[in-house]
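# Architecture and fold: a report
Here's the letter readout for the chains.
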Amino acid sequence: MARQFRNNNFRGMRNQYHFDYLVVVDFEATCEKENPEDFQHEIIQFPAVLIDVHRQKIIDEFNSYCKPKLRPTLSRFCTELTGITQETVTQAPDFTVVLEEFKRWLDSHGLGTKYTFSLVADGFCDMGKFLYTQCKLSGIEYPYFALQWVDIRILFFHFYGVRWVRKLRIKFGCTCKKTK
C-alpha cells in the first residue's frame, strides 16, 4: 500500500526531502454517477509530467490510455466527466503494458538510477486507491517507485495553514476512503 508523505514541519522539509525530479500523475479511472461502496475503479488514463526541480521546468510528458477489463464499457457519466471516449479505451493497451511503458519512460530519464525522484499526486485516490486497486486487479506487484509519494494536497494544506483537511477534501470533491 502506498504511504503518503506527511510532515508537520513543512518549512523545514525542503532540506530534509530533496529530489532531482518530480513525476506528477493524475489518473483517470472508471466511475459511475454514484459508485457503490465496493466499486472497483480501473485506470483508463495514465498521464505523467516530469519536472526538473533544480531548473523548475517541465522536461517531458507521458500519456497513455488503458483498456478496462471489469467494466469494458464506460458509463455515460465517466465519459462526460473525463472526456475519454469508448473508442479510445477500446483501442488502448492493457494496464500492464502501459505500466511497463511508463517504467521504460522513467528509465529513459535516469530516474531512480542516476537521479532521485518522487511521484506526486493530488490526494490519496490516485495512488492509494486507483493504482493500488489496478495492480491487484491486474495481478501484479505494486510498483516499487510508488511505495512512497508526495501528496501535494497535504503539502498545500500545510503550506497555507489549513487545519481542516478532511472537511476540505469533501468540499473539493475527494471523498475517497482509504482502502485497507
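Before reading further, recall that the structure is shown in the block above.
Because the structure is a prediction, the values reported are computed rather than measured.

Before going further, it helps to examine helix α4 (residues 95-108). With 14 residues, α4 extends 20 Å between its outermost C-alpha atoms, agreeing within 8% with the 20 Å of an ideal straight helix rising 1.5 Å per residue. Buried within α4 are the following residues: Phe-95, Val-98, Leu-99, Phe-102, Trp-105 and Leu-106. Buried residues of α4, viewed axially, fall in a sector of 115 degrees; they line one side. Residues of α4 that are exposed and point more than 90 degrees away from the buried face comprise Arg-104 and Ser-108. Packing partners of the buried residues in α4 comprise β2 (21-25), β4 (43-52), β5 (57-65), β6 (117-121) and α5 (124-138). After α4 finishes, the residue Gly-110 shows a positive phi value of roughly 70 degrees.

On to the pattern of salt bridges, then. On inspection of all chains with the given rule, the structure shows five salt bridges. Among the ionic pairs, Arg-55 bridges to Asp-52, the shortest N-O distance being 3.0 Å. We note a salt bridge from Asp-94 to Lys-69, for which the minimum N-O separation is 3.5 Å. Separated by 25 residues along the polypeptide, Asp-94 in the loop between α3 (86-90) and α4 and Lys-69 in the loop between β5 and α2 (76-82) bring together distant segments of the chain. The exposed category is assigned to Lys-69, whose relative accessible area is 59%.

Quick notes on the rules
- Residues numbered from 1 in each chain as written.
- Predicted model: local features only at pLDDT ≥ 70, side-chain atom pairs only at ≥ 80, totals over all residues.
- Heavy atoms only, no water.
- Helix = DSSP H or I, 4+ residues; strand = E, 2+ residues; numbered from the N terminus.
- Expected span 1.5 Å × (residues − 1).
- Buried < 20%, exposed > 50% of the residue type's maximum accessible area, 1.4 Å probe, protein only.
- Arc of directions from axis to C-beta.
- Contact = heavy atoms within 4.5 Å.
- Salt bridge = Lys/Arg side-chain N within 4 Å of Asp/Glu carboxyl O.

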